[in-house]
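What follows is each chain in one-letter form.
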Amino acid sequence: MNFNEQKYKILENPNYEEAYDLIGEGIRKKAMITLFACCKVSYEGRAMSELDFGERIIMLKPDGCFLIHQDNKVDPVNWQPPKSKPRLIIKNETLFLESHRKTPRERLEVEIKKIHFVNYALVEDYEELEIAGYEKDMGDMIMERPHIIEEGFKPTAREYSTEHGFIDILGKDSDGNLMILELKCRKAGVNAVKQIRRYLTDFENKTNAEIKNNTEKQKIRGLLVAPSIGEDAKELLEEEGIEFVSVEPPKELKKDKKVTLDAFG
């Protein structure tokens, strides 16, 4: 993302044309979009449902999620999952938001009567929920047994600070090339690839003379380390020239939650 780019936009009490333009811009920029509006909701698919006019929060996420929240309960009253396709329509001076899926065939339609506010935000969040400290445990395991990554790998630092966060493990390969490791204890997704791409960019853009002298003659390798990887993430890895290493997190076997490494012997 260009950091000179505006991170968010918000309109209060917009007309339908202003709202249409802002939402369309947010969709094109793959932003998170939120509306507080009086709306009517219709769903056609595996069943049929209709929710008459009321004030609700409507949310569209860059991955295709489409959520409609009332003022109670944790779960949305209606929703569409990731990879759904949003569409904007103006009909009879009324704004309609739709979300479509092909498999199974579904359509969620929101007819908007009045918008109190609409905004989009270019959200940057590359972290994934860590369960039971396994990513730290993976790091411990790799530091003790670096050959799990590849023969000749030498870790040199953990939680190395950069502009965009902390690199899990920094090290060098047998040829002296810099290696940046991002660890995930579960199946890695697109966000993990974007995260390590940012770390690589941080190193490629270093202006400090000492760092530059140490790295300009080296190759900088990015490695995503996880048990498995999603298809979308795999495609992005290939596009970015980032490597993937499959490593299972260690299992907790002791009551004091220390990690056994015997299985990786």
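Residues numbered from 1 in each chain as written. Predicted model: local features only at pLDDT ≥ 70, side-chain atom pairs only at ≥ 80, totals over all residues. Heavy atoms only, no water.

### A few points about a positive patch on the surface
To be explicit about the condition: Think of a patch as exposed residues, more than 30% relative accessible area, with no salt bridge, where like charges cluster within 9 Å and nonpolar side chains (Val, Leu, Ile, Met, Phe, Trp, Tyr) cluster within 5 Å. Here the open area of atoms and residues is found with the Shrake-Rupley method and a 1.4 Å probe, where only the protein chains shown may cover a residue. The salt bridge criterion pairs a side-chain nitrogen of Lys or Arg with a carboxyl oxygen of Asp or Glu, the two atoms within 4 Å. By the counting scheme adopted, Arg and Lys are positive, Glu and Asp are negative, and His together with the chain ends is not counted. To locate a charge, take NZ of a lysine, CZ of an arginine, CG of an aspartate or CD of a glutamate. Put simply, DSSP marks the helices as runs of H or I at least four residues long and the strands as runs of E at least two long, and each gets a number from the N terminus on.
Together, Lys-30, Lys-85, Lys-102, Arg-105 and Lys-194 line one region of the surface with positive charge. Structurally, the position occupied by Lys-85 is in strand E6 (residues 85-91).

### Let's talk about the nonpolar core
As a rule of thumb, soluble globular proteins bury nonpolar side chains together. Note the cut-off: Nonpolar cores are built from buried Ala, Val, Leu, Ile, Met, Phe, Trp, Tyr and Cys residues. Side-chain atoms within 4.5 Å join them into one set. Exposure categories follow from relative accessible area, calculated using a 1.4 Å probe and restricted to protein chains: below 20% of the type maximum is buried, above 50% is exposed, and the middle band is partly exposed.
Within the largest apolar cluster, 24 residues are counted, with the highest numbers of intra-cluster contacts made by Leu-35, Ile-58, Leu-97, Val-110 and Ile-112. Counting residues per element, the ones that place at least two in this core are helix H1 (16-28), strand E2 (32-44), strand E3 (48-60), strand E4 (66-69), strand E7 (94-101) and strand E8 (106-121).

### Quick word on the pattern of salt bridges
Side chains that differ in charge, positive against negative, can pair when their charged atoms come close. Evaluation of the coordinates by the stated rule reveals 19 salt bridges. Across the pair Lys-40 and Glu-50 runs a salt bridge whose closest N-O atoms are separated by 3.5 Å. Of this pair, Lys-40 sits in strand E2 while Glu-50 sits in strand E3, and the two are ten residues apart along the sequence. By relative accessible area, Glu-50 is classed as exposed at 57%. For Glu-106, the salt bridge is made with Arg-101, and the minimal N-O distance between the two is 2.7 Å. Taken as a pair, Glu-106 and Arg-101 share a single burial class, namely buried. Taken together, the salt bridges that share partners define one network made up of Glu-44, Arg-87, Glu-98, Arg-107 and Glu-109.

### A closer look at the layout of surface pockets
Here is the rule: Lining residues are defined by having an atom within 4 Å of a point belonging to a cavity or pocket. Those points lie on a 1 Å grid over the protein atoms alone, cavities being sets where a 1.4 Å probe fits but cannot get out and pockets being open sets with protein on both sides within 12 Å along at least five of seven lines. Grid points are joined across faces, edges and corners, and a volume is the space filled by probe spheres set on the points. Residues are grouped as follows: Ala, Val, Leu, Ile, Met, Phe, Trp, Tyr, Cys and Pro are nonpolar; Asp, Glu, Lys and Arg are charged; every other residue, Gly included, is polar.
As a volume, the largest pocket reaches approximately 1,400 Å³. Together, 39 residues line the largest pocket, and Lys-30, Pro-62, Asp-63, Asn-191 and Lys-194 are the ones closest to its centre. Sorting the residues of the lining of the largest pocket by element identifies H1, E2, E6, helix H3 (190-204) and helix H5 (231-240) as the ones contributing at least two each. Looking at side-chain class alone, the lining of the largest pocket contains 17 nonpolar, seven polar and 15 charged residues.

### Here we look at H3
Worth spelling out the cut-off: Helix span is expected to be 1.5 Å times the residue number reduced by one. Should any heavy atoms of two residues lie within 4.5 Å, those residues are counted as being in contact.
With 15 residues, H3 ought to run about 21 Å at 1.5 Å a step, and its terminal C-alpha atoms sit 21 Å apart, in line with that. Listing the buried residues of H3 in full gives Ala-192, Val-193, Gln-195, Ile-196, Arg-197, Arg-198, Tyr-199, Leu-200, Asp-202 and Phe-203. Against the buried residues of H3 lie strand E9 (154-162), strand E10 (165-172), strand E11 (178-183), strand E12 (220-226) and H5.

### Looking at the packing of aromatic side chains
Keep this limit in mind: Two rings belonging to Phe, Tyr or Trp (six-membered ring only in the last case) form a pair when the distance between their centres is within 6.5 Å. Interplanar angles under 30 degrees mark stacking, angles over 60 mark edge-to-face geometry, and anything in between is tilted.
Enumeration over the complete set of coordinates arrives at two aromatic pairs. Between the aromatic rings of Phe-36 and Phe-117, the centroid separation amounts to 6.0 Å while the plane-to-plane angle is 55°, which identifies the pairing as tilted. Placement of the pair is Phe-36 in strand E2 and Phe-117 in strand E8, with a sequence separation of 81 residues. On the basis of relative accessible area, Phe-117 is assigned to the partly exposed category, the value being 26%.

### Details of unusual backbone geometry
Of note, the bond from Thr-103 into Pro-104 is cis; its omega dihedral lies within 30 degrees of zero at -10°. Among the secondary structure elements, Pro-104 is positioned in the loop between E7 and E8. For Asn-92, which is not glycine, the phi torsion reads 55° and is therefore positive. Position of Asn-92 among the secondary structure elements: in the loop between E6 and E7. You can call Asn-92 exposed: its relative accessible area is 73%. For Glu-159, which is not glycine, the phi dihedral falls at a positive 50°. Topologically, Glu-159 is positioned in strand E9.

### Here we look at the side chain of Ser-99
Structurally, the position occupied by Ser-99 is in strand E7. Taking relative accessible area as the criterion, Ser-99 reaches 1% and is therefore assigned buried.

### Re the sheet that holds E11
Whenever strands of a sheet pair, they do so through backbone hydrogen bonds, lying parallel or antiparallel. Under the convention used in this document: By definition, two strands form a pair when at least two bridges between them are found by DSSP. Fitted lines through C-alpha atoms give the axes, limited to the stretch in contact for helices. The angle between two N-to-C directions lies from 0 to 180 degrees.
Ordered by their spatial adjacency, five strands build an open sheet running E9-E10-E11-E12-E13, and the pairing between neighbours is mixed. With one partner strand each, in any of the chains shown, E9 and strand E13 (243-246) form the two edges of the open sheet. Looking at each pair of strands side by side, their axes are set apart by 30° on average, direction ignored. Strands in contact with H3 are E9, E10, E11 and E12; relative to E12, the strand with the most contacts, it is inclined by about 155°.

Geometric descriptors of this kind do not, in isolation, establish any biological role.
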